[in-house]
Amino acid sequence: MSFDVQIIGGGLAGSEAAWQLAEAGLRVRLSEMRGGGDTTPAHETDRLAEMVCSNSFRSDDAEHNAVGLLHQEMRDLGSLVMRCADQHRVPAGSALAVDREAFASEVTRAIEQNPNITIVRERVDSLPDHPTIIATGPLTGSALAEAIAAQTGQGALAFFDAIAPIVHRDSVDMDVAWMAARWDKGGKDYINCPLDKAQYDDFIAALIDGEKMPFKDWEKDTPYFEGCMPIEVMAERGPETLRYGPMKGVGLDNPRTGRWPYAVVQLRQDNALGTLWNMVGFQTKLKHGEQVRIFRTIPGLENAEFARLGGIHRNSFINSPKLLDRELRLVSKPNVRFAGQITGCEGYVESAAIGLIAARFAVAESTGNTLTPPPAETALGALLGHITGGADAETFQPMNVNFGLMPPPPGRARKADRKKAYTERARGAFADWLASARERETV
Ligand SMILES: Cc1cc2nc3c(=O)[nH]c(=O)nc-3n(C[C@H](O)[C@H](O)[C@H](O)COP(=O)(O)OP(=O)(O)OC[C@H]3O[C@@H](n4cnc5c(N)ncnc54)[C@H](O)[C@@H]3O)c2cc1C
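Residues numbered from 1 in each chain as written. Predicted model: local features only at pLDDT ≥ 70, side-chain atom pairs only at ≥ 80, totals over all residues. Heavy atoms only, no water.

Let us look at the environment of Ile133. Within the secondary structure, Ile133 is located in strand 7 (residues 132-134). The exposure class assigned to Ile133 is buried, which follows from its relative accessible area of 1%. Each C-alpha atom of the pair Ile133 and Glu350 lies 16 Å from the other, and the pair is 217 residues apart in sequence. Apart from residues no more than four positions distant in its own chain, Ile133 is found in contact with Val5, Gln6, Ile7, Ile8, Ala17, Leu21, Arg337, Ala339, Ala358, Ala359 and Ala362. (Helix = DSSP H or I, 4+ residues; strand = E, 2+ residues; numbered from the N terminus. Buried < 20%, exposed > 50% of the residue type's maximum accessible area, 1.4 Å probe, protein only. Contact = heavy atoms within 4.5 Å.)

Structure, rendered in structure tokens:
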């Protein structure tokens, strides 16, 4: 074997991982199927780290925004993706947007010129037995996807995300909503937002009229309707459909009226911290702005802050909280690590960040060391912790980095001050973690 680690997939995560391993002195075989006769439905070139849609790495504000904070942590860890993005940024206010072609060319050049990396334009169809990082992204080649499904078991690899919106718990008005379970079975585990008939009728009309996102041509034929029909499609089937589905009010005594509500929206806890709650059964193709406008008409959610909005896309991702250990290794085959969007993180930056930390774990392991994961108070630690155990495996869906993944700072503060409290605490925690890892020579 003429390499120490094979990386499968030269996208955002695989490119970052290759760079990190190579800079630490490990020899890397980077297997990328584009340029070798294969491609995905979304990529247009054979460059590494191609951005398939928007040219933005989102907010670069490290003081008030979780993704901006993640940028900073990645820079501190010598990220290639961040270095190339900074080099090729274009004006975009406080966002970090880039010239996508120059960016991808720069990443490709850096990787090609690194003597520790060999790029092989090949498609990989099975799980290797040597140290490997799988970073094949949301559009993983189908033979490899089948091999991953066979290794991980029934239902552990999804081909579509059907995301219901996720709400920050502290933005729900609990003077209107209440905690209960249907028929009082089990604990009072759900937040219930009640609607009367007029509110329900208006809500259904808004769903039907709301602007929707179209499916891409290559997504249209993938069946998704059975398990996760969008709420607006249910609404179109008849005004009562939702009231007999996810919005049914039966068995839920509203303590303020002593009666069942005409209809209800239920929220279920989505992370171990209890800071994020998903709207049960509310997967949707409504445009994001429309979701915010329409969902804020639900009593109790008038001031809801959304950690993520709903969507339905083609997306291959594994049930990471169930399948991976804290260092992103497949529990059933620990020579294989996963990185990038296939782990259930979402977005260019998050994918590259998980590629970075997967590589750092692999480096530590190759030298007989153990790298302690970054703490949950940091952006990288919060994201990593979410996909490797903080998220509920039953409802696991892809997630962007956000403050709701971090333990809340003590006390109450105004919104802007609260964001600063998160980022100031994160900076300290990250610096301590980095200093301690460097002392033990694990990064
Ligand atoms: C249509 C679409 C639009 C998106 N828009 C955005 C957006 O605007 N903003 C955003 O932040 N995120 C967006 N995303 C999500 C985006 O894909 C990820 O954020 C990011 O590209 C994921 O990085 P990754 O490295 O995990 O996967 P990718 O960047 O997709 O890289 C995976 C690589 O693996 C290769 N590969 C796959 N299978 C094999 C195999 N069997 N053998 C060898 N190589 C293989 C692929 O060719 C690809 O180069 C979008 C995704 C899609 C599908």
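Turning to the site of the ligand, a few remarks are in order. Residues in contact with the ligand amount to 32 residues; listed here are only the nearest, Ala13, Glu32, Arg34, Gln341 and Gly347. One nitrogen or oxygen atom from the main chain of Ser54 is found 3.1 Å from an oxygen atom belonging to the ligand. Note that an oxygen atom of the ligand is positioned 2.8 Å from one of the backbone N or O atoms of Gln341. Alone, the ligand offers 970 Å² of accessible surface; in the complex the protein occludes 91% of this. (Near = heavy atom within 4 Å. Polar contact = N/O pair within 3.5 Å; in protein donor to acceptor, adjacent residues only side chain to side chain. Areas by Shrake-Rupley, 256 points an atom, 1.4 Å probe, with all protein chains shown as cover.)

What the six strands build is an open sheet, ordered 6-2-1-7-17-16; its pairing is mixed. Strand pairing shows two members of the sheet lacking a second neighbour, strand 6 (117-120) and strand 16 (329-330), which therefore form its edges. Examined bridge by bridge, strand 1 (residues 5-8) and strand 2 (residues 28-31) share four bridges and lie parallel to one another. Its bridge partner lying in strand 2, Val5 is registered against Val28. Contacting strand 7, strand 16 and strand 17 (333-338), helix 10 (residues 348-366) crosses the sheet at an angle of about 145° to strand 17. (Pairing = 2+ DSSP bridges. Axes fitted to C-alpha atoms, helices over the stretch in contact; angles between N-to-C directions.)

The next subject is the packing of helix 1 (residues 12-23) against helix 3 (residues 80-87). Running from amino to carboxyl end, helix 1 crosses helix 3 at an angle of 110°, the nearest separation of the two axes being 8 Å. Relative to helix 3, the element helix 1 is oriented roughly perpendicular. Here helix 1 contributes Leu12, Ser15, Glu16, Trp19 and Gln20 to the contact with helix 3, which in turn contributes Leu80, Val81 and Arg83. Residues of the contact of helix 1 with helix 3, tallied by class, amount to four nonpolar, two polar and two charged. (Parallel < 35°, antiparallel > 145°, perpendicular 65-115°, else oblique. Nonpolar A, V, L, I, M, F, W, Y, C, P; charged D, E, K, R; others polar.)

With respect to burial, strand 15 (residues 311-318) is a largely interior element, six of its eight residues being buried. Of the pairings in the sheet, the one linking strand 8 (residues 157-163) to strand 15 comprises six bridges and is antiparallel in character. Its bridge partner being in strand 15, Asp161 is matched across the sheet by His313.

Pairing is antiparallel in the open sheet, where three strands are placed in the order 3-5-4. Only two strands of the sheet have a single partner each, and these edge strands are strand 3 (56-59) and strand 4 (89-90). Pairing of strand 3 with strand 5 (residues 95-98) involves two bridges; the strand directions are antiparallel. Within strand 5, the residue paired with Ser59 across the bridge is Ala95. Most of the contacts of helix 2 (residues 66-76) go to strand 3, to which it runs at about 115°, and overall it touches strand 3 and strand 5.

Before going further, it helps to examine the nonpolar core. The biggest cluster of nonpolar side chains holds 93 residues, and the ones touching the most others in it are Leu21, Phe57 and Phe103. Looking at which element gives the most residues to this core, the answer is helix 10, with 13 residues. Leu207, Leu242, Met279 and Phe306 belong to the second largest nonpolar core, which has 33 residues in total. (Core = buried A, V, L, I, M, F, W, Y, C linked by side-chain atoms within 4.5 Å.)

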